[in-house]
Amino acid sequence: MGKKDIKEVIKIAVCDDDKYYVDLVVNAIQKFQETNPNYELIVHSFLKSHDFLSFIMSEEYDIVYLDIKLDDDNGMRIAKTIHKRNPDCLISFMTNYPEYVCDSFIVEAFQYMPKPIEESFFISEIERAIHKMKAIKQKYAFLTSQGYIVLEAKEIYYIKTSYREYTIYSTRGIFTGSISALRDFKRVYPDYDFFKIERSFYVNLYHVKQFNYLSVTLANGDVLTISKNRYKDFKKTITKYLEM
């Protein structure tokens, strides 16, 4: 089997008590699949939230399209249940109720799509969700003083470099290595959603919790200084990242 024959499997769930929107979303996903044969999109659809909830106890989805106000349940509660089991799942809400927009941020929803939903818009959102999902799941092997360490991009808070060595601050601990081993990463770091905020620091946009023209605060609580001449590009980059 050649590399071009290997497809990336993506599991998607659709839950809405309105069959019209379930069919619309499923059909849009099928159209996306037809023009993107390198993906294998496995889609499960649900009209009842209790059926969906029983399914997610044994199934992990990459992307979920969910109505906020269901006849038999509340989409916000379901989203919390999903993220408790699978924090990396991207949840996109579909609803007729704009007053729920703020609540969708509380459960860290990826997207909020007001109904009616246009098929062309939805197809573009599928592509955006897949790009985001891949960025979260990317892995990189770093040669450290402890040997090779394989880290997912989301596990890294930031990387500090100096003349002779680098230090990785991650959810799994702190790792150091020779700066020469970081040469390949320095070439591809934008593809992993990292940004060089000043000469010595590469921050993971996934973990940025707060920033201003002076500093960037990461999810682990560390506060790093941002170079004045990089702030404008950083603001533009993270704004685009958050819209992805």
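Residues numbered from 1 in each chain as written. Predicted model: local features only at pLDDT ≥ 70, side-chain atom pairs only at ≥ 80, totals over all residues. Heavy atoms only, no water.

(A) Representation of the side chain of Ser 200 in the model. With respect to the helices and strands, the residue Ser 200 is situated in the loop between strand S11 (194–198) and strand S12 (201–204). Judged by its relative accessible area of 19%, Ser 200 is buried. Excluding its chain neighbours within four sequence positions, the residues that come into contact with Ser 200 are Ile 159, Lys 160 and Thr 161. (Helix = DSSP H or I, 4+ residues; strand = E, 2+ residues; numbered from the N terminus. Buried < 20%, exposed > 50% of the residue type's maximum accessible area, 1.4 Å probe, protein only. Contact = heavy atoms within 4.5 Å.)

(B) A look at the pattern of salt bridges. Following the criterion strictly, the structure yields 9 salt bridges and no others. Close ionic contact of Glu 59 with Lys 11 constitutes a salt bridge, the shortest N to O distance being 2.7 Å. Placement of the pair is Glu 59 in the loop between helix H2 (49–56) and strand S3 (63–67) and Lys 11 in strand S1 (residues 8–15), with a sequence separation of 48 residues. Lys 154 is the partner of Asp 88 in a salt bridge, and the nearest nitrogen-oxygen pair spans 1.9 Å. In this pair, Asp 88 is assigned in the loop between helix H3 (75–85) and strand S4 (90–95) and Lys 154 in the loop between strand S7 (147–152) and strand S8 (156–161), connecting sequence segments 66 residues apart. With a relative accessible area of 19%, Asp 88 lands in the buried category. With a relative accessible area of 19%, Lys 154 lands in the buried category. (Salt bridge = Lys/Arg side-chain N within 4 Å of Asp/Glu carboxyl O.)

(C) Region of interest: unusual backbone geometry. The amide bond that connects Lys 115 to the next residue, Pro 116, takes the cis arrangement and shows omega of 0 degrees. The topology assignment puts Pro 116 in the loop between strand S5 (111–114) and helix H5 (119–137).

(D) Representation of the environment of Val 208 in the model. As for its placement among the helices and strands, Val 208 is situated in strand S13 (residues 208–211). A residue is classified by how much of its surface remains accessible, and Val 208, at 14% relative accessible area, is buried. For Val 208 and Tyr 158, which are 50 residues apart along the polypeptide, the C-alpha to C-alpha distance reads 9.7 Å. If sequence neighbours within four positions are ignored, Val 208 has contacts with Val 203, Val 216, Thr 217, Leu 218, Phe 234 and Ile 238.

(E) Fine view of the sheet that holds S13. Read across the sheet, 3 strands follow the order S13-S14-S15 without closing on themselves; strand pairing throughout is antiparallel. Both edges of this open sheet fall to S13 and strand S15 (223–225), since each of them pairs with a single strand only. Strand-to-strand twist of the sheet, defined as the mean angle between neighbouring strand axes without regard to direction, takes the value 25 degrees. (Pairing = 2+ DSSP bridges. Axes fitted to C-alpha atoms, helices over the stretch in contact; angles between N-to-C directions.)

(F) Representation of the packing of helix H1 (residues 19–35) against H5 in the model. One way to put it is that H1 packs onto H5 with a least axis distance of 9 Å and a crossing angle of 65 degrees. In the crossing of H1 with H5, the sense of the turn from one axis to the other is right-handed. For the pair H1 and H5, contact is made by Val 25, Ala 28, Ile 29, Lys 31 and Phe 32 and by Glu 119, Phe 122, Ile 123, Ile 126, Glu 127 and Ile 130, respectively. A class-by-class count of the residues in the contact of H1 with H5 yields 8 nonpolar, no polar and 3 charged. (Left-handed = near helix turned anticlockwise from the far one by under 90°. Nonpolar A, V, L, I, M, F, W, Y, C, P; charged D, E, K, R; others polar.)

(G) Main features of the confidence of the model for the protein chain. Of the residues in the protein chain, 90% reach a pLDDT of 70 or more, and the chain-wide mean stands at 86. Within the protein chain, helix H4 (residues 101–106) has the poorest average pLDDT of any element, 60, and S15 the best, 97. Residue range residues 1–5 is modelled with pLDDT below 50. Its contacts to residues more than four positions away, or to other chains, number 1 contact. (pLDDT = per-residue confidence, 0-100.)

(H) A look at the pairing of strand S2 (residues 39–46). Direction of pairing for S1 relative to S2: parallel, over a ladder of 8 bridges. For Ala 13, the partnering residue across the bridge sits in S2 and is His 44. Running through H1, the crossover from S1 to the neighbouring parallel element S2 is right-handed. (Right-handed = clockwise from strand over helix to strand, strands pointing away.)

(I) How the structure looks around the sheet that holds S11. Pairing is antiparallel across the open sheet formed by 5 strands, whose spatial order is S10-S9-S8-S12-S11. Each edge of the open sheet is held by one strand with a lone partner, namely strand S10 (173–178) and S11. On average, each strand axis in the sheet is tilted by 20 degrees relative to the strand beside it, whichever way the strands run. Pairing geometry for S8 and S12, over 3 bridges, is antiparallel. Counterpart to Ile 159 in the pairing with S12 is Tyr 202.

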